[in-house]
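Coordinate inspection notes
This is what each chain is made of:
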Amino acid sequence: MAGFLFWKKKRKDEPEAVAETTAEVAEVAAPVEELEGAAPAPVQVAEKVAVEPVAVEPVAVEPVAVEPVATPEPVSVPEVEVEPEVVASESEPEIDSVVEPEPDLVSEPEPELIAVELPKRSARKGIRSLFSRIKFDPENLDDLEDILIQADFGIDAATSIVDEVKARAKKSGAESEAELKKILAAVIAESLEREDKALKLSDGKLPYVFLVVGVNGVGKTTTIGKLANWLTEGEWSVVIGAADTFRAAAVQQVATWAERAGATLIGPKTEGQDPASVAFESVEAAIKQDADIVIVDTAGRLQNKTDLMIELDKIRRVIEKQAAISEVLLVLDATTGQNGLAQAKAFAEVAKVTGVVLTKLDGTAKGGIVFSIQRELGIPVKLVGVGEGINDFAFFDAQEFAIGLVS
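Procedures and definitions
- Residues numbered from 1 in each chain as written.
- Predicted model: local features only at pLDDT ≥ 70, side-chain atom pairs only at ≥ 80, totals over all residues.
- Heavy atoms only, no water.
- Pairing = 2+ DSSP bridges.
- Helix = DSSP H or I, 4+ residues; strand = E, 2+ residues; numbered from the N terminus.
- Axes fitted to C-alpha atoms, helices over the stretch in contact; angles between N-to-C directions.
- Contact = heavy atoms within 4.5 Å.
- Expected span 1.5 Å × (residues − 1).
- Buried < 20%, exposed > 50% of the residue type's maximum accessible area, 1.4 Å probe, protein only.
- Core = buried A, V, L, I, M, F, W, Y, C linked by side-chain atoms within 4.5 Å.

**What about the sheet that holds strand β4 (residues 238–242)?**
- Pairing within the open sheet is mixed, and its 8 strands lie in the order β5-β4-β6-β3-β7-β8-β9-β10. Since the sheet does not close on itself, it has two edges, and those belong to β5 (264–266) and β10 (393–395), each with one partner. Between one strand and the next, the sheet's axes are offset by a mean angle of 25 degrees, whatever the strand orientation.
- Packed onto the sheet, helix α14 (residues 338–351) meets β3 (208–213) and β7 (325–333) and runs at close to 155 degrees relative to β7.

**Some words on the side chain of threonine 222**
- Here threonine 222 shows up in helix α10 (residues 220–233).
- In this structure threonine 222 touches Trp257 and Glu388, once residues within four positions along its chain are discounted.

**A few points about unusual backbone geometry**
- Here the amide bond leading from leucine 206 into proline 207 is cis, since omega sits at -5 degrees, within 30 degrees of zero.
- Relative to the assigned elements, proline 207 resides in the loop between α9 (177–192) and β3.
- Phi is positive for aspartate 152, close to 70 degrees, though the residue is something other than glycine.
- Structurally, aspartate 152 is set in the loop between α7 (142–150) and α8 (155–172).

**Remarks on α9**
- Helix length check: α9, at 16 residues, gives a terminal C-alpha distance of 22 Å against a target of 22 Å (1.5 Å per residue), a fit within 8%.
- Within α9 the residues assigned to the buried category are Leu180, Lys181, Ile183, Leu184, Ala185, Val187, Ile188, Ala189 and Leu192.

**Describing the nonpolar core**
- Of all hydrophobic cores here, the largest spans 105 residues; its most connected members are Phe153, Leu227 and Ile319.
- With 8 residues, the single largest contributor to this core is α9.

**Focus: the pairing of β4**
- Most of β4 sits inside the fold, with 5 of its 5 residues counted as buried.
- Relative to strand β6 (residues 293–297), β4 runs parallel, the two sharing 5 bridges. By the bridge assignment, glycine 241 is partnered in β6 with valine 296.
- Alignment of β4 against β5, held across 3 bridges, turns out to be parallel. Paired with glycine 241 across the two strands is isoleucine 266, which belongs to β5.

Structure representation (structure tokens):
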């Protein structure tokens, strides 16, 4: 699968302070101005000399005696001493430009975005085929409908897919099992393709904040670790917030995955700390560290949707005081089938889900839940998990997924 191209803010060295340079130039310019003002001032010398004969009685002083006293001209001495500095200062155009900097040098430049191609991941080998145990009979396509229903495509979706396969097979004259599988894969891929399947990592407004939601046991913590590792491999700095403080084991699991992924962990300071405060501290730490991504783990208690809604809403509000939330990712277990669809509906009501992560595709051939989720909820499946390893993770690709199901 081709790698996805994202954008992030380019980090630059701190700009040199113009104020310090201006102050230094001001110190050089000050004596220059004094010299320029003092050069044509012989009158001051005359006044100095005139002070000495004040004590002499005016009767004995002749005007002629005063004239030779005024002959010394010390004005030329300071001009010789400062002349190299004055000439150098006036001959250097750079100094003038620093004293009066151009407006574009003072104004803060817009952040520059750079393209980042993150590591490629393929999920095709981990997706179980619908036909691993059942032969696809090209003479009886009606059996295909039952296979699709068993794979959690849903009755309506299965019927529409089979009708389209029949129509294309008749038009093209396809008869072999390989030809029919190719048509089936194309129909499924076209039905699953969405323009909003990529993660929102393109506006350059760092840090990007991901909330991860889902019931316990669906692979939420594992997904966070895999996602964090994939991002750090792409040289993104990641902060993980362990905001599922309801379970001590959840914090320990997240800490283990954060260490494996090379991410910074922000956990509760006290047992049972308010999840919203942990989320706030995680984003705060990411901003101070100039991190790229914040992944916040949340509790997955659906027994009481009211409490969950209040908790998630509070987390969202405290985070948005510092940064925008880029994604709310719902983790679903593919083996749960239609029960996973029920979970998706419940979380969609309370968490404003923007994307789905489908885990454990390697353990079931019920990948049709992807079709049901996208069709019934209008939420794109963005990521898939196909194993327990830290690299068993990929972006959802409709064509790759469809080929894996029918191969």
